[in-house]
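One-letter residues, chain by chain:
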Amino acid sequence: MATTEEITLAEAKGVVPLSTWVLISNFKLSYNLLRRPDGTFNRHLAEFLDRKVSANATPMEGVATMDVIIERMTGVWGRIFWPCPTEQTELHQEMKPVMIYFHGGSFAHSSANSAIYDAMCRRLARMCNIVVILVNFRRSPEHRFPAAYEDGLAGVRWAKSAPGRAFLLPLGGDSENRCFLAGDSSGGNIAHHVAVRAVGEGILLAGTVLLMPMFGGQRRTPAERLLDGKYFVTMNDRDWYWRAFLPEGADRDHPACNPFSVTAPSLVSTKLPPCLVVVGGLDLLQDWQLNYVHCLKQGGKQVQLLFLEQATMGFFLLPNTELFYSLVERLRDFLSLAEF
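What this report covers is the structure whose coordinates are included nearby. (Residues numbered from 1 in each chain as written. Predicted model: local features only at pLDDT ≥ 70, side-chain atom pairs only at ≥ 80, totals over all residues. Heavy atoms only, no water.)

Some points on the state of the cysteines
Inclusion rule: Here, the term disulfide refers to a pair of cysteine sulfur atoms separated by no more than 2.5 Å. Any residue under 20% of the maximum accessible area for its type is buried, any over 50% is exposed, and the rest in between are partly exposed; the area is computed with a 1.4 Å probe on protein chains only.
Counted under the stated rule, the structure contains zero disulfides. There is no disulfide at Cys84, and the cysteine sulfur nearest it, in Cys121, is 15 Å away. The exposure class of Cys84 is partly exposed, given its relative accessible area of 23%. Unpaired in terms of disulfides, Cys179 finds its nearest cysteine sulfur in Cys121, a separation of 14 Å. Accessibility expressed as a relative area gives 0% for Cys179, which makes it buried.

Have a look at this one:
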């Protein structure tokens, strides 16, 4: 956790690259316009402000994309990203890991065709040589817990099904043996809970990657008190999103928010796959994330921690710092070393 007694706005700006500061500050401004005090959300304005991009089977930066229907009844779909072989590599193609990715946005914002996540997943597919499935799950507050988890599990089932495997195979995706779940912020939360549900059904997963996952609880931690409002995020913001996502009347010790609370089911007997957790030293939720790592280790799970002392929320959205490339390097290692 950050150790300074007080962090000023000027100091915060000095840590974050200008391009990242502008990007996330614009997000924060629009997010403040969309949330209403009564707990409702201006979805029409949200869709208007969220810049979208279409799928493109013509490779851009070496990666092609395509949208697929995952579950017709709920309208869940996904965008698939796959690296396209060059003349030098097409004769030596190997099967690639498949990463099912859940975008951030505090369960309420963004989608699988949001420009920022399209660019991010395209980057991950190219730099890590993987096939990415970005799931367009239902969002709160219109669709509360457990809708996002159910949609995420639908994405896993599709990737593991015979039709899903047949679809991914020509793209080089090995979803049968090397299927990973990943997500950032609320997407990291979704990745954890979907993994628990998936292994409960006997589905084989190679691993999970949680980028600064959105966990929490009723008590305020030292990092929450120190970093409240310092790097884009306030606790009031977080509390609003939890009220919008959790069941009516539930508090932040609900297992969806706090997977190791006294009311949460034990994960000791759950055969979770290896996990990589990325924690930023300037993220106000870091104490909850570190507790998650500690509890997994206590339960005998395989878990790796990548702690980036100078990382703020959203550092992974743009390739403009050494932190981003440190993440990619560690991610490549994790994907290659996971047992399958």
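Quick notes on the environment of Gln286
To be explicit about the condition: In DSSP terms, a helix is any run of H or I states spanning at least four residues, a strand is any run of E spanning at least two, and both are numbered starting from the N terminus.
Here Gln286 lies in helix H10 (residues 286-298). For Gln286, a relative accessible area of 0% gives the class buried. With 74 residues separating them along the chain, Gln286 and Met212 place their C-alpha atoms 7.5 Å apart.

With respect to the pairing of strand S3 (residues 98-102)
In plain terms, the rule: Each pair of strands is called paired provided DSSP finds at least two bridges between the two strands.
Taken across its five residues, S3 has five buried, putting it largely inside the fold. Covered by surrounding structure in S3 are Val98, Ile100 and Phe102 together with Met99 and Tyr101, the residues of both alternating faces. Relative to strand S4 (residues 131-136), S3 runs parallel, the two sharing four bridges. Pairing of Val98 across the sheet is with Val131, part of S4. Here S3 runs beside strand S5 (residues 179-184); their pairing, made up of five bridges, is parallel. What sits directly across from Met99, in S5, is Phe180.

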